[in-house]
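Spelled out, the chains give:
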There are 2 protein chains.
Amino acid sequence: MPEAASAAATRATIGDSEFDRDTAVSRRAPGVYDIDLSAGWTIINAVNGGYLLAVLGRALGDALPHPDPFTVSAHYLTASQPGPAVVRTETVRAGRTLSTGQASLFQYDDAGNEVERIRVLASYGDLGTLPDDVRTSAKPPAIPPMDQCFGPEDGPAPVDGSSAIADRLMLKLDPATLGWALGQPSGRGEMRAWFGLADGRDADPLSLLLAVDALPPTAFELGLKGWVPTVELTVHVRCRPAPGPLRVAITTRNLAGGFLEEDAEVWDSADRLVAQSRQLARVRLG
Amino acid sequence: MPEAASAAATRATIGDSEFDRDTAVSRRAPGVYDIDLSAGWTIINAVNGGYLLAVLGRALGDALPHPDPFTVSAHYLTASQPGPAVVRTETVRAGRTLSTGQASLFQYDDAGNEVERIRVLASYGDLGTLPDDVRTSAKPPAIPPMDQCFGPEDGPAPVDGSSAIADRLMLKLDPATLGWALGQPSGRGEMRAWFGLADGRDADPLSLLLAVDALPPTAFELGLKGWVPTVELTVHVRCRPAPGPLRVAITTRNLAGGFLEEDAEVWDSADRLVAQSRQLARVRLG
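In the annotation of an unreviewed UniProt entry, chain A is listed under the name TesB-like acyl-CoA thioesterase 3 and assigned to Streptomyces ambofaciens.

A. Inspection of the packing of aromatic side chains at higher detail. The full count for this structure, using the stated rule, is eight aromatic pairs over all chains. Plain terms: the ring middles of A:Phe19 and A:Trp41 are 6.1 Å apart, the flat faces sit at 75° to each other, and that makes the pair edge-to-face. In this pair, A:Phe19 is assigned in helix 2 (residues 18-23) and A:Trp41 in the loop between strand 2 (32-37) and strand 3 (42-43), connecting sequence segments 22 residues apart. A:Trp41 carries the same exposure label as A:Phe19, and that label is buried. Ring plane angle 50° and centroid distance 5.1 Å describe the contact between B:Trp180 and B:Phe220, whose orientation is recorded as tilted. Pair noted here: B:Trp180 is in the loop between strand 9 (169-173) and strand 10 (190-197) and B:Phe220 is in helix 5 (residues 218-221), with a separation of 40 residues, a long-range link. Here B:Trp180 falls in the buried class, since its relative accessible area comes to 14%. Classification of B:Phe220 by relative accessible area gives buried; the value is 12%. Following the ring pairs from residue to residue traces out a cluster consisting of A:Phe19, A:Trp41 and A:Tyr51.

B. Broad picture of the sheet that holds strand 12 (residues 246-251) of chain A. All names here are of chain A. One open sheet accounts for 12 strands, arranged 1-2-6-7-8-5-11-14-13-12-10-9; its pairing is antiparallel. Across the chains shown, the open sheet's two edge strands, defined by having one partner strand only, are strand 1 (26-29) and strand 9 (169-173). The average undirected angle you get between the axes of adjacent strands in this sheet is 25°. Pairing of strand 1 with strand 2 involves three bridges; the strand directions are antiparallel. Looking across to strand 2, one finds that Arg27 is bridged to Tyr33.

C. The arrangement of the interface of chain B and chain A in detail. On the chain A side, the residues contacting the 56 residues of chain B number 56 residues. Carbon and sulfur atoms supply 50% of the area buried between chain B and chain A, which totals about 4,800 Å² over both sides. On the chain B side of the interface with chain A, the three residues burying the most area are B:Arg238, B:Arg253 and B:Arg278, jointly 15% of the side's total. Where chain B packs against chain A, one counts six salt bridges.

D. Molecular detail of the relation of the copies chain B and chain A. At an RMSD of 0.0 Å, chain B and chain A line up after a rotation of 180° and a shift of 0.0 Å along the axis. Both copies of the chain, as the preceding transformation shows, are related through a two-fold rotation axis. Scanning chain B for the C-alpha nearest the rotation axis identifies B:Ser73, at a separation of 3.1 Å. The fraction of interface residues of chain B whose copies in chain A are also interface residues reaches 100%, indicating that both copies meet through the same surface.

Cut-offs used in this document
Residues numbered from 1 in each chain as written. Chains lettered and ligands numbered in written order. Predicted model: local features only at pLDDT ≥ 70, side-chain atom pairs only at ≥ 80, totals over all residues. Heavy atoms only, no water. Phe/Tyr/Trp six-rings, centres within 6.5 Å; stacked < 30°, edge-to-face > 60°. Helix = DSSP H or I, 4+ residues; strand = E, 2+ residues; numbered from the N terminus. Buried < 20%, exposed > 50% of the residue type's maximum accessible area, 1.4 Å probe, protein only. Pairing = 2+ DSSP bridges. Axes fitted to C-alpha atoms, helices over the stretch in contact; angles between N-to-C directions. Contact = heavy atoms within 4.5 Å. Buried area = accessible area lost by both parts, 1.4 Å probe. Salt bridge = Lys/Arg side-chain N within 4 Å of Asp/Glu carboxyl O. Least-squares fit on C-alpha atoms with pLDDT ≥ 70 in both.

Structure below.
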């Protein structure tokens, strides 16, 4: 392990990190962005939905007149694979303080035709211009200190298959939401963790889009196994996050009819509720 | 008041009611639907966002191969007015159990050009085919019986300006969330009410899109005055509602930086959590 001083010197920064390199898009033409989706952000062999949302968010941040996602709504159509993809954006409305855009991510079938993977509507603004009047009544999650929480590296690999994303993240789960990894799911739809990026890069509004979808599914604690694909995910980004680790708390209260919702809250080191999301996901019952 | 028997005989039904007439769209061509937006669903002179969402939802229900909204994400661009409008839909993906569509509502400027008011992404399915395995852990809201709650007709008109929607709804607010109407807002971001349609029509998946946005804003209980326009609203419809009144409970926990979120839950008479929504809205601070 490098000494503390050189660890600080080699820590990745916003703009120069795995996350930035793997979400970078290159503008081929106005509103057209190419990317090679990384194999580094897969979970159980599927490209993580939050990583994909960050890719779309980066393209929209370039296309729209405002820099920061405020609210992003994504409908996931078909499963993405590592490899070539194109993002096509449209400016729906350019306002004074808010703009709205639409973006689609496509990949290619065997004949080279574009197949749509995800479509997104998003409203952007400038988080730096918001007044600092904060009347948040929500409280940060009750999660033990980081050194009393556990990550994938602390136990046997909890899930089958390729989960390369585990190498990209600093994830330390609340032991109260880890029963599933020991064959004893709690039965409560909860998942909590300290969250960061493995290379030390601090959070920013785009990485918050990843953070809301990067924990193990609450379905595991509800005793459900297998794939829990996201149908739709909406994220509100409310604040530029302070440096340092995030706390992510996810809750499911409405598992019914083969679907569940996951509500995520992301708290930064300054105890600000920097992002909130809700997704609708399908489950296999039984 | 008519006697009970004739009241039952004149009660509106799903398909034959104010709500159905005022959200009906007429298909001019595939994917093109005309409507005259009713002046009957305004709140403080603005056409209610949930009514608009129901209009878009009706068009999408016609356009897509599946009948029921499962998750609808709407970005509100410019304020709608009563009067002529057109909805243009696109089928994004037609799957076996879920389809995804996009829809925009336009109105006309003085030169007759179309001006986009709202753009929506929505995934539809068939609520009637969902398994009835219900493991909802959420509990219905604590709200007093309806006869201990109060509607606009029980007091002086609480807001200035035209709120014709009040005549379309049966709304009985929890007195614990009515302080604002008496000049004593509680300071808590909460609003709860019994909800129905004034003509007695039972709820259905489309009217749930209205129900999540039809209560007074939580901002009033937070002591904020004035317009609280919706930037984005996402609704999950999880179940066909049972007949009878609904209970709607709305919560705001993150009022900060000139924005707030409103989380709504809609419970039916069978104690099912039939819909959940979150919207991001702008506030005027101070």
